[in-house]
Amino acid sequence: MISTGDGNRTMRKSTIEENLSNKNGPLSTQELRVRTQQLSLREQLERNHFLLERLYAASAGLIQALNDGDVHTAIGEILGNLIGCEEAALFHYNPENRRFALAWSVGMSDETLQQFSKGTGMMWRTVGEGLTQFRDRQNESHLQPCEQNLTASVILKSSREVVGVILLFGLLPQKSGFEWVDYQILKFLETYGAVTIQLQSLRKNAVTP
Amino acid sequence: MASKKILLVDDSCTARLVNRMIFSQKSNYELISAVDGKEAVERARQDKPDLILMDIMMPRMTGLEACRAIKQDKTTSGIPVILLTTRGEESYVQEGYASGCSDYLTKPVNDAELLDLLRAYLGE
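The residue numbering used here restarts from 1 in each chain and proceeds along that chain's sequence as written. Naming scheme: in the order in which they are written, chains are lettered from A and ligands are numbered from 1. Since the coordinates come from a predicted model, pLDDT governs what is reported: local features require at least 70, and pairs of side-chain atoms require 80 or more to be given and counted, while whole-chain, interface and lining totals use all residues.

Colleague: Would you take a moment to explain the overall build of chain B for this structure?
Modeller: Under the scheme used here, helices are H or I runs from DSSP no shorter than 4 residues and strands are E runs no shorter than 2 residues, and both carry numbers assigned from the N terminus. Helix and strand counts for chain B come out as five helices and five strands. Ordered by position from N to C terminus, the α and β elements of chain B give β-α-β-α-β-α-β-α-β-α. A radius of gyration in this sense is built from C-alpha atoms; the matching globule rule multiplies 2.2 Å by the number of residues raised to 0.38. The C-alpha radius of gyration of chain B comes to 13 Å, within 12% of the 14 Å expected for a compact globule of 124 residues. For the C-alpha atoms alone, the extent of chain B along its principal axes is close to 30 × 30 × 25 Å. Remark: C-beta atoms are placed from the backbone, and a residue is labelled buried if 20 or more other C-beta atoms sit within 10 Å of its own, exposed if 12 or fewer do, or partly exposed between those counts. Each of the 124 residues in chain B was classed as buried or not, and the buried ones make up 47%. By the criterion used throughout, residues are in contact when their C-beta atoms, derived from the backbone, lie within 7 Å. Across chain B, every contact between residues at least 6 apart in sequence was considered, and the portion connecting residues at least 24 apart equals 62%.

Colleague: Please explain the nonpolar core as it appears in this structure.
Modeller: Nonpolar core, as used here: buried Ala, Val, Leu, Ile, Met, Phe, Trp, Tyr and Cys residues forming one set through C-beta atoms within 7 Å. Val165 and Ile166 of chain A together with Ile52 and Met54 of chain B are the most contacted members of the largest nonpolar core, which totals 76 residues. Per element, the largest residue contribution to this core is seven residues, and it comes from helix 3 (residues 71-83) of chain A.

Colleague: Please explain the pairing of strand 4 (residues 81-85) of chain B as it appears in this structure.
Modeller: For a regular strand, side-chain orientation follows a simple rule: the groups alternate between the two sheet faces. Residues and elements named next belong to chain B. The element strand 4 is largely enclosed, with a buried count of five among its five residues. Side chains of strand 4 alternate between two faces, with Val81, Leu83 and Thr85 and Ile82 and Leu84 buried alike. Strands are treated as partners if at least two bridges between them are detected by DSSP. Two strands pair when backbone bridges link them, and strand 3 (residues 51-55) and strand 4 are joined in this way by four bridges, in the parallel orientation. In the sheet register, Met54 faces strand 4, and the bridge partner there is Leu83. Crossovers are marked right-handed if the path from the first strand over the helix to the second runs clockwise, as seen with the strands pointing away from the viewer. The parallel pair strand 3 and strand 4, bridged by helix 3 (residues 63-72), forms a crossover whose chirality is right-handed. Here strand 4 pairs with strand 5 (residues 103-106) via four bridges, running parallel. The residue bridging Leu83 from the neighbouring strand is Tyr104, located in strand 5.

Colleague: When you look at the confidence of the model for chain A in this model, what are you seeing that I'm missing?
Modeller: Low-pLDDT portions of the prediction should not be read for the details of their coordinates. One confidence number per residue, pLDDT, is output by the predictor and ranges from 0 to 100. A residue-level look at chain A finds 87% of positions with pLDDT of 70 or above and a mean pLDDT of 86. In the model, residues 1-10 of chain A has pLDDT below 50 throughout and makes 35 contacts with residues more than four positions away in sequence or in other chains.

Colleague: Can you walk me through unusual backbone geometry in this structure?
Modeller: Backbone phi values are negative for most residues with the exception of glycine, while trans is the configuration of most peptide bonds. Between Lys107 of chain B and Pro108 of chain B the backbone carries a cis peptide bond, its omega angle lying at -5 degrees. Structurally, Pro108 of chain B is set in the loop between strand 5 and helix 5 (111-122). Positive phi, normally seen in glycine, also occurs at Ser159 of chain A, with a value near 55 degrees. A tally of 8 C-beta atoms within 10 Å means that Ser159 of chain A is categorised as exposed.

Colleague: Would you explain the pairing of strand 2 (residues 88-94) of chain A in this entry?
Modeller: Residues and elements named next belong to chain A. Within strand 2, five of the seven residues are buried, which leaves it mostly tucked inside the rest of the structure. Bridge count between strand 2 and strand 3 (residues 99-106): seven bridges; the pairing is antiparallel. Note that in strand 3 the partner of Asn94 across the bridge is Arg99. The antiparallel pairing of strand 2 with strand 3 creates a hairpin that spans four residues between the two strands, and Arg98 there sits at a positive phi of about 50 degrees. Inspection of the sheet shows strand 2 paired to strand 6 (residues 161-168) by five bridges, in the antiparallel sense. Its bridge partner being in strand 6, Phe91 is matched across the sheet by Val165.

Colleague: Got a minute to help me understand the packing of helix 3 of chain A against helix 1 (residues 13-26) of chain B in this structure?
Modeller: The relative placement of two packed helices is expressed as an angle between their axes plus a distance between the axes. For the pair helix 3 of chain A and helix 1 of chain B, the least separation of the axes is 8 Å and the interaxial angle reads 40 degrees. The orientation of helix 3 of chain A relative to helix 1 of chain B falls into the category oblique. Only Thr14, Ala15 and Val18 of chain B of helix 1 of chain B make contact with helix 3 of chain A, whose side of the interface consists of Glu77, Ile78, Asn81 and Leu82 of chain A. Axes here mean lines fitted to C-alpha atoms, for a helix over just the part in contact, with angles spanning 0 to 180 degrees between N-to-C directions. Angle categories: roughly parallel below 35 degrees, roughly antiparallel above 145, roughly perpendicular from 65 to 115, and oblique for all the rest.

Colleague: Hey, could you run me through the sheet that holds strand 2 of chain A in this one?
Modeller: Note on sheets: strands pair through backbone hydrogen bonds, and any given pair is parallel or antiparallel. All names here are of chain A. Strand order in the open sheet formed by five strands is 3-2-6-5-4, and the pairing between neighbours is antiparallel. Each edge of the sheet is formed by a strand with only one pairing partner; in this case those strands are strand 3 and strand 4 (133-134). Bridge analysis of strand 5 (residues 152-158) against strand 6 gives seven bridges, and the strand direction is antiparallel. Bridging from a neighbouring strand, Ile155 pairs with Val165 of strand 6.

Colleague: Help me understand the environment of Gly100 of chain B in this model?
Modeller: Take Gly100 of chain B: it is sitting in the loop between helix 4 (90-98) and strand 5. For the pair Gly100 of chain B and Ser27 of chain B, spaced 73 residues apart in sequence, the C-alpha separation works out to 26 Å.

Colleague: I tried to follow the confidence of the model for chain B on my own but got confused; where do I start?
Modeller: For chain B, the mean per-residue pLDDT works out to 89, and 98% of the residues sit at or above 70. In the model of chain B, helix 4 of chain B stands out as the element of lowest mean pLDDT, 81, in contrast to helix 2 (residues 37-47) of chain B, which has the highest, 96.

Spelled out as structure tokens, the structure:
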């Protein structure tokens, strides 16, 4: 059996069938409406639970990395294991000299990273607006050739300070696009990824004056 | 009756944590873990789990290498191994089965599908 992950399908098909069937014969319209409503509410709860589990794992991963690992690697694990993206790069941003610096990457060629190291349109829009930019919501004419394979440019922002951007390129083949849970995890990373990077940086500077 | 024991092998603490939460909340399986293939082979010999759920890309020894080693050892060859990986393409799947795995799951893991698969091997 080959199974593909899908964060939105948290309720099993058998459960739905069991709930909508009736051993004593066909359900009345009223019974059917009540059961459908129950299923809908149950699905909402399960979806939320699914999200909270993943947010907890993401948060725990960041905190553990602060203690005994590398925050960038922890962010990479979140992208790979929870979102399904193993082609990504993280650039720090220095607002004083308006420069990006590559801090971490996975699955990317040096040539591609070089193209992004000076910043691209989507990266500048990300830091300029302070908002995550998604490739499928961009005006095609504003995209640079190297941005064709970019899926998202995620802002890393702590309070109002822009710390950097995470560039997400190809998603895993079994992922057709971002799902609701993915957007929430990216939202979490926008703030807590940035805070954790800042904290690790402060700690490093404290031990190596 | 003693609960069934699953050996979870993944170098990512995020992945281990997600799986631990799924098992603790939704099943009665006992979970033990290892962080790479080498440790997995040792723990399989030592702890004799009922099933092994193992990532492929890991340091020291990959999941494929570990699966081969587990299947070549008479004391562990009967343990079903489910490979857990990000790569779902046909060539990767074939390589997985060639290593002797019983099944193949792709990440990100879906709770219900994972539990359904485990129940197919281990029961409730």
